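In case you want the letters, here they are:
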Amino acid sequence: MITYQLEPHLSVAEFREILIHSTLGERRPVDEPDRLEGMLQHANLILTAREEGKIVGVSRAWTDFVYCTYLSDLAVDQAYQKQGIGKALIQRTREQAPQATLILLAAPAAEAYYPRIGMHQHAHCYYLKSEDELL
């Protein structure tokens, strides 16, 4: 049985573990524990999915709870995918800030997933990578 809970003090080790066991490990600084710790410390909404204590999914977000929620990381262990865990984590994240619009940038491997669960695509998203400079 999968259980879901708010975990504002998720450990760096467990966060790293779920990133590695999902497809997000390829695009996150899993070999930089200080950055992972900062990612956890500065998020204000962290939910986990666990099976018998083992972490199998995480949702890490920032929200003002009334206007927008940015879901930065949605990671589900590859062995547990296609069981509704990602959708449940998104729903539980949204329930924490029901007035807020939930926003995320899809990982390339997950682009087809989000429309299937009812999320809308926005064509006007822009970003700067850490090494980019404004012109």
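Check the entry above for the structure.
The structure reproduced in this document is the subject of the present report. Just so you know, these numbers come straight off a predicted model, no measurement behind them.

What counts as what
Residues numbered from 1 in each chain as written. Predicted model: local features only at pLDDT ≥ 70, side-chain atom pairs only at ≥ 80, totals over all residues. Heavy atoms only, no water. Core = buried A, V, L, I, M, F, W, Y, C linked by side-chain atoms within 4.5 Å. Buried < 20%, exposed > 50% of the residue type's maximum accessible area, 1.4 Å probe, protein only. Helix = DSSP H or I, 4+ residues; strand = E, 2+ residues; numbered from the N terminus. Contact = heavy atoms within 4.5 Å. Polar contact = N/O pair within 3.5 Å; in protein donor to acceptor, adjacent residues only side chain to side chain. Axes fitted to C-alpha atoms, helices over the stretch in contact; angles between N-to-C directions. Parallel < 35°, antiparallel > 145°, perpendicular 65-115°, else oblique. Nonpolar A, V, L, I, M, F, W, Y, C, P; charged D, E, K, R; others polar. Salt bridge = Lys/Arg side-chain N within 4 Å of Asp/Glu carboxyl O.

## Focus on the nonpolar core
- Within the largest apolar cluster, 16 residues are counted, with the highest numbers of intra-cluster contacts made by Leu71, Leu74, Ile85, Leu89, Ile90 and Tyr114.
- Going through the elements one at a time, β2 (45-51), β3 (54-63), β4 (68-76) and α3 (85-96) are the ones with two or more residues in this core.
- Not counting residues up to four positions away in its chain, the partners in contact with tyrosine 114 are Leu74, Ile90, Leu104, Ala106 and Met119.
- Within the second largest apolar cluster, 15 residues are counted, among which are Leu24, Leu36, Ala43 and Ile46.

## A closer look at the environment of arginine 35
- On the secondary structure map, arginine 35 appears in helix α2 (residues 33-42).
- Assessed through its relative accessible area of 49%, arginine 35 is described here as partly exposed.

## Thoughts on the side chain of threonine 69
- Here threonine 69 lies in strand β4.
- Here threonine 69 falls in the buried class, since its relative accessible area comes to 2%.
- One polar contact links threonine 69 to threonine 63, side chain to side chain, over a distance of 2.7 Å.
- Among all residues touching threonine 69, those that are not within four sequence positions of it are Ala61, Trp62, Thr63, Thr93, Ala97, Ala100, Thr101, Leu102 and Ile103.

## Quick notes on the packing of helix α1 (residues 12-21) against α2
- Across the interface, α1 lies against α2 with an axial gap of 10 Å and an inter-helix angle of 100 degrees. Classified by the interaxial angle, the pair formed by α1 and α2 is roughly perpendicular. Residues Val12, Phe15, Arg16 and Leu19 of α1 form the contact with α2, whose participating residues are Pro33, Leu36, Glu37, Met39 and Leu40.
- Of the residues that constitute the contact of α1 with α2, the class distribution is seven nonpolar, no polar and two charged.

## Focus on the pattern of salt bridges
- For the structure on display, the rule yields eight salt bridges.
- Glutamate 14 is the salt-bridge partner of arginine 50, the closest N and O atoms lying 2.7 Å from each other. Of the two residues, arginine 50 is situated in strand β2 and glutamate 14 in helix α1; the sequence distance between them amounts to 36 residues.
- Its relative accessible area of 10% is what places arginine 50 among the buried residues.
- The class for glutamate 14 is partly exposed, based on a relative accessible area of 23%.
- Among the ionic pairs, arginine 16 bridges to aspartate 31, the shortest N-O distance being 3.2 Å. Placement of arginine 16 in helix α1 and of aspartate 31 in the loop between α1 and α2 is noted, with a sequence separation of 15 residues between them.
- Since its relative accessible area comes to 33%, arginine 16 is described here as partly exposed.
- Accessibility expressed as a relative area gives 63% for aspartate 31, which makes it exposed.

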